[in-house]
Amino acid sequence: MKIAAYRVFLKVHQATTRTYVGASSNPSLSTPRSEAANLGMNADEFRKAAHAAIEEIIQYNQDVASGTLPVLPNIKPGYLRPQLPAAAPQHPQSWQDIQPDIAKSIVPGLTHWQSPNFMAFFPACSTYPSILGEMYSSAFTAPAFNWLCSPACTELETIVLDWLADALHLPKDFRSDSPGGGGGVIQGSASEAIVTVMVAARERYLNRRADAKGLPDPSPEREEWIATLRPKLVALSSDQAHSSTAKGAIIAGTYHRTVETTWQDDLAVQPDALESTIKKCIEDGREPYYITLSYGTTSTCAQDPLHLLAPILQKYPDIWVHVDAAYAGTALVCPEYANASTSASPSNSNGTIPTPEGLPTNGTEQPPPNPPPPTQPPLPSPTGLLPTGPAVWSHADSFNTNLHKWLLVSFDASLLYIRSRHALTSALSITPAYLQNKHTDSGLVTDYRDWQIPLGRRFRALKIWFVVRSYGVEGLRAHIRRTVRVGQRLEALVRQSEDGRALFEVLSKPAFGLTCFRVRPGAVPRQLLAQGGVVEGPGESVETENTMDGSPFGTVEQQDGEEEGQAEKAKAQPTETATAENLANKFSKQVVETINDGGQLFLTSSSTHGKTFIRVVSGNANAGEEFVSKAFEMVVTTTREVLRQAVKESRG
Ligand SMILES: Cc1ncc(COP(=O)(O)O)c(C=O)c1O
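Residues numbered from 1 in each chain as written. Predicted model: local features only at pLDDT ≥ 70, side-chain atom pairs only at ≥ 80, totals over all residues.

### What about the overall build of the protein chain?
Rules: Only DSSP runs of H or I covering at least 4 residues are called helices, and only runs of E covering at least 2 are called strands; the numbering of each starts at the N terminus. Put plainly, a residue is buried at 20 or more neighbouring C-beta atoms within 10 Å of its own, exposed at 12 or fewer, and partly exposed in between, counting only other residues' C-beta atoms, which are placed from the backbone. Placing C-beta atoms from the backbone, we regard two residues as in contact once those atoms come within 7 Å.
Counting its secondary structure elements, the protein chain contains 23 helices and 13 strands. Counting only residues that meet the buried cut, the protein chain has 44% of its 652 residues in that class. For the protein chain, contacts bridging at least 24 residues in sequence account for 76% of all contacts bridging at least 6.

Have a look at this one:
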């Protein structure tokens, strides 16, 4: 199937290549072969090659968008080496020789992130205007580390970042023209943004403490004193924050401690947990200097309630507050996300989803369902959102979001906004003689090298500029809303369809198009609980002496919304409940692995606080409700198969 689909692609590609190779015969367009051009590709050759490449890219995009190419490659590790020569060619090769290797060797080894069947991790969108931006960026290749090294590169970045600060409804303080000296910069990734602000946070903290001690700057005493304080610093984040915070702390040379979250609180940091973590750090002789709060965590899109945490953070004004909104932040382009009602509260958290036509809305012969959704508001309606809006963001020192995840700009384009660019530049600015110039000295220009870790930088503003202009802010909103609806369709199927209600439980508030659900412990066949012994799975293993029997697909009576009964049963049969939990975890992971092994659909599983779950998010430009419906069917079929197989194996 995969090979057949790819053969069609290869044929089209070869036909297109033939059309283009040799198509340009206009002598006025040819470039005289200089000695330099003889060493690579001249303009005529480039023209033909580029046309052929563009045709191939279009064909690839169309094939991928149709969802007919398997989303995961069918190859084994090390597949590529035998296909390529052992050493680099000694002599020039023509594009006619090079290009076919894309179809032959590279595409078969690709995971197709633009496929509508890519529902893993978070999306990484690519669009035509963005590809054009990359083409120009590559053509200009201007590692514009300071203004003079390409004024257009710097100035476009500043303008586009201001556009986006407004489009994302961020506070004016993050604009480059804000009185407080804020601004935005494009980083390669959220991880890079986080480590960059962490270093700025560390330096701000150390210098404030040295200032408070009255140590002259610069002075050897100050340097010594700071050196003794630095090893005590601790960066904080929730236990749900992306691993980039832990990694950033390693790079910044500081401790990292997590604030515990719970499923009951939707995996969001709670004020008392934050305060007790800070106090514990201080009791232990550590000095908290930085915290990552998440607007959309990686596992479940949990949102830390900045508005509730602000009163605690105000007591510790030297802690730098960074909001990591790597994926979900781009939803702020929609006013309904940016102005999420300030009346919303973490306890007012039930998801709101559409009722898809034809789906049952209440149970019949099946066991009690997942909690029913509340009354349906018209779409688009973000689900369970916490207050955002300018007042909330005013507690943040910095904010990052990746346009290259959900907002149609090709990798890489991570926006970092900062309230005080001075905090960044004073930490990262070093100007050796060879970087000095009168424009920098004038103080009238921005040198983005002082806002990042590397010196050189890519011209990434171009692709953002092209995407924003090609879609318009309304087009960007339409994309977010459409893909949120795609996610809501899936959520509705899980919550409301007969299969969904029988097999699965939704674990967290679905948000930003992401739904997290797992095999319901109550759907675990009784025979498996009757096995006894140690259950292996991703959760904690538990000893069980259960001897319960029942029909092959009988279920343990343990459902959402039956807390009282559940607690009683847990008391009566603790090992049985624990076994069902473990097996639900194990089967959820197995369902994802089985599906991914098939290559037609790509999902991710995740695990936290004793629960392993299936996460489905479909947000690229090709996402569609028909694809998530098919994905749901596949999840149901696979789950039934996994359960059936487990029963079969248990019989020996
Ligand atoms: C919330 C969050 N933060 C940070 C990251 C890291 O992103 P990047 O690959 O841009 O470093 C991710 C990746 O998915 C994420 O989900």
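### Here's the deal with the confidence of the model for the protein chain
How we decide: pLDDT expresses how confident the predictor is about each individual residue, on a scale running from 0 to 100.
Confidence along the protein chain averages 85 in pLDDT terms, with 81% of residues attaining 70 or more. Considering only residues more than four positions removed or in separate chains, one finds that residues 342–369, a stretch of pLDDT under 50, has 64 contacts. Low pLDDT, under 50, characterises residues 371–380; the stretch is placed with 19 contacts to residues that sit more than four places away or in other chains.

### Examining the environment of Glu 581
Along the polypeptide, Glu 581 turns up in helix H22 (residues 574–598). A count of 24 C-beta atoms within 10 Å places Glu 581 in the buried class. For Glu 581 and Pro 521, which are 60 residues apart along the polypeptide, the C-alpha to C-alpha distance reads 5.3 Å.

### Details of the packing of helix H8 (residues 190–212) against helix H16 (residues 421–428)
Worth spelling out the cut-off: Each axis is a line fitted through C-alpha atoms, and for a helix only the stretch in contact is used; angles between axes span 0 to 180 degrees, taken between their N-to-C directions. By definition in this entry, angles of less than 35 degrees are roughly parallel, angles greater than 145 are roughly antiparallel, angles of 65 to 115 are roughly perpendicular, and the rest are oblique. When residues are sorted by character, Ala, Val, Leu, Ile, Met, Phe, Trp, Tyr, Cys and Pro go into the nonpolar class, Asp, Glu, Lys and Arg into the charged class, and all the rest, Gly among them, into the polar class.
Relative to each other, H8 and H16 sit at 90 degrees, their axes nearing to 8 Å. With respect to each other, H8 and H16 are oriented roughly perpendicular. Contacts from Val 199, Ala 200, Glu 203 and Arg 204 in H8 reach Ala 423, Leu 424, Ser 426, Ala 427 and Leu 428 in H16. Of the residues assigned to the contact of H8 with H16, the class counts are 6 nonpolar, 1 polar and 2 charged.

### Here we look at the site of the ligand
How we decide: The C-beta atom of each residue is placed using the backbone, and any residue whose C-beta lies within 6 Å of a molecule or strand is treated as near it.
Contacts to the ligand come from 15 residues, most closely from Ser 189, Ala 190, Ser 191, His 242 and Ala 326. Partitioning the shell around the ligand into residue classes produces 4 nonpolar, 10 polar and 1 charged.

### Examining helix H23 (residues 625–650)
We apply this condition: How far a helix is expected to stretch is found by multiplying one less than its residue total by 1.5 Å.
Its 26 residues place the ends of H23 37 Å apart at the C-alpha level, agreeing with the 38 Å of an ideal helix rising 1.5 Å per residue. Inspection of H23 places Phe 627, Val 628, Ala 631, Phe 632, Val 635, Val 636, Thr 638, Thr 639, Val 642 and Leu 643 among the buried residues, and these make up the whole buried set. At the C-terminal side of H23, Gly 652 shows a positive phi close to 90 degrees.

### With respect to the sheet that holds strand E12 (residues 604–608)
The strands that make up a sheet pair up through hydrogen bonds in the backbone, lying either parallel or antiparallel. For clarity, the threshold we go by: At least two DSSP bridges between two strands are needed for those strands to be called paired.
Strand order in this open sheet of 4 strands is E8-E9-E13-E12, and the pairing throughout is antiparallel. Each end of this open sheet is capped by a strand with a single partner; those strands are strand E8 (504–506) and E12. This sheet shows a mean twist of 40 degrees between the axes of neighbouring strands, independent of strand direction. Along the sheet, helix H18 (residues 461–496) makes contact with E8, strand E9 (514–519) and strand E13 (611–617), crossing E9 at roughly 25 degrees.

### Observations regarding the nonpolar core
What counts, and what does not: Buried Ala, Val, Leu, Ile, Met, Phe, Trp, Tyr and Cys residues whose C-beta atoms connect them within 7 Å together make up a nonpolar core.
If you look at the biggest cluster of nonpolar residues, it comprises 140 residues, and the most contacted ones within it are Met 119, Met 198, Tyr 290 and Leu 603. In terms of residue count, H18 provides more of this core than any other element does, 14 residues in total. For Leu 603, the residues in contact, after removing those within four places along its chain, are Met 119, Ala 120, Val 592, Ile 595, Asn 596, Ile 614 and Val 616. Membership of the second largest hydrophobic core comes to 5 residues, among which are Tyr 60, Val 64, Leu 69 and Ala 103.

### Side note on the sheet that holds strand E6 (residues 398–402)
Spatially, the 7 strands line up as an open sheet ordered E1-E7-E6-E5-E4-E2-E3, and their pairing is mixed. Where the open sheet ends on each side, the last strands, each with one partner, are strand E1 (183–187) and strand E3 (255–259). Geometrically, the sheet is characterised by an average inter-axis angle of 20 degrees between neighbouring strands, direction not taken into account. Bridge count between strand E2 (residues 233–238) and E3: 5 bridges; the pairing is parallel. When the bridges of E3 are listed, Ser 237 appears paired with Thr 258. On the sheet, helix H7 (residues 151–167) packs against E1 and strand E7 (414–418) and is oriented at approximately 110 degrees with respect to E1.

### As for the pairing of E6
Across the 5 residues that make up E6, a large majority, 5, are buried. The alternating pattern of E6 places Ser 398, Asn 400 and Asn 402 and Phe 399 and Thr 401 on opposite faces, both of which are buried. In this structure, strand E5 (residues 320–324) lies alongside E6, joined through 3 bridges in parallel fashion. By the bridge assignment for E6, His 322 is matched with Ser 398. In this sheet, E7 lies alongside E6 in antiparallel orientation, the contact comprising 5 bridges. Bridged to Phe 399 within E7 is Tyr 417.

### Looking at the pairing of E5
Here is the key point about a regular strand: its side chains alternate between the two faces of the sheet. For E5, the tally of buried residues reaches 5 of 5 residues, placing the bulk of the element in the interior. Residues Trp 320, His 322 and Asp 324 point to one face of E5 and Val 321 and Val 323 to the other, with burial holding for every one of them. Note that strand E4 (residues 287–294) and E5 share 5 bridges and pair parallel. The residue bridging Leu 293 from the neighbouring strand is Val 323, located in E5.

### With respect to unusual backbone geometry
Here Asp 217 and Pro 218 are connected by a cis peptide whose omega angle stands at -5 degrees. Within the fold, Pro 218 resides in the loop between H8 and helix H9 (220–229). Its identity is not glycine, yet His 169 carries a phi of approximately 60 degrees, on the positive side. Here His 169 shows up in the loop between H7 and E1. Taking the C-beta count within 10 Å as the criterion, His 169 has 17 such neighbours and is therefore assigned partly exposed. Despite not being glycine, Phe 512 shows a phi value in the positive range, around 55 degrees. Note on placement: Phe 512 falls in the loop between E8 and E9.

### A few points about helix H3 (residues 43–65)
The end-to-end C-alpha separation of H3 is 32 Å, in line with the 33 Å expected for 23 residues at 1.5 Å each. Regarding H3, the residues found buried are Lys 48, Ala 52, Glu 56, Tyr 60, Asp 63 and Val 64. Just past H3, the residue Gly 67 takes up positive phi, approximately 75 degrees.

### A look at the environment of Gln 488
Structurally, the position occupied by Gln 488 is in helix H18. Taking the number of C-beta atoms within 10 Å as the measure of exposure, Gln 488 has 25 and is therefore buried. Through-space distance from the C-alpha of Gln 488 to that of Val 628 is 9.8 Å; in sequence the pair is 140 residues apart.

### Some remarks on the packing of H7 against H18
For clarity, the cut-off: By the definition used in this description, the sense in which the near helix is turned from the far one sets the handedness, with an anticlockwise turn below a right angle giving left-handed and a clockwise turn giving right-handed.
Packing of H7 against H18 brings their axes to within 9 Å, and their N-to-C directions diverge by 40 degrees. Compared by their axis directions, H7 and H18 come out oblique. In this structure, H7 crosses over H18, and the sense of that crossing is left-handed. From H7, Cys 153, Leu 156, Glu 157, Val 160, Trp 163 and Ala 167 reach across to H18, where they touch Ala 461, Leu 462, Ile 464, Trp 465, Val 468 and Val 473. Considered class by class, the residues forming the contact of H7 with H18 number 11 nonpolar, no polar and 1 charged.

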